[in-house]
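These are the residues of each chain, in order.
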Amino acid sequence: MSVLRVPAFVRTWVGAGRDEDEWAGRVRSELADELPDEDIGEDLDDCLDLYEMGSKPRCEEAEYLHMVQDARDRIAWGH
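Conventions we followed
- Residues numbered from 1 in each chain as written.
- Predicted model: local features only at pLDDT ≥ 70, side-chain atom pairs only at ≥ 80, totals over all residues.
- Heavy atoms only, no water.
- Helix = DSSP H or I, 4+ residues; strand = E, 2+ residues; numbered from the N terminus.
- Buried < 20%, exposed > 50% of the residue type's maximum accessible area, 1.4 Å probe, protein only.
- Areas by Shrake-Rupley, 256 points an atom, 1.4 Å probe, with all protein chains shown as cover.
- Lys, Arg positive; Asp, Glu negative; His and termini not counted.
- Salt bridge = Lys/Arg side-chain N within 4 Å of Asp/Glu carboxyl O.
- Polar contact = N/O pair within 3.5 Å; in protein donor to acceptor, adjacent residues only side chain to side chain.

### As for the overall build of the chain
Reasoning step 1: Along its length, the chain carries three helices and zero strands.
Reasoning step 2: Start at the N end of the chain and walk to the C end: the helices and strands fall as α-α-α.
Reasoning step 3: Per-residue burial for the chain yields a buried fraction of 24% across its 79 residues.
Reasoning step 4: Of the roughly 6500 Å² that the chain leaves accessible, carbon and sulfur atoms contribute 51%.

Printed below as a string of structure tokens:
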């Protein structure tokens, strides 16, 4: 009987997806805590694409868009 040996880089790569999902979930959770009145979905690009400009006061709108873009960038760049 032979034993299949998996190289370390493969084990790391397979486990990396879970870490990325956990990181993305944590960032989205932090964003939802900062914006409790907003409906933050799984896809932050959708939040930005579907946002209707002018639906909030100017100052709130700028802050909202900045926070969502920052969260999206943090997810994309990782830890």
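### Quick look at the side chain of Glu-61
Reasoning step 1: Considering the arrangement of structural elements, one finds Glu-61 in helix H3 (residues 58–77).
Reasoning step 2: Summary of buried charges: Glu-61 has no salt-bridge partner, and the nearest side chain of opposite charge, Arg-58, is 6.7 Å away.
Reasoning step 3: For Glu-61, the side chain forms a polar contact with the main-chain nitrogen of Gly-54, separated by 2.5 Å.

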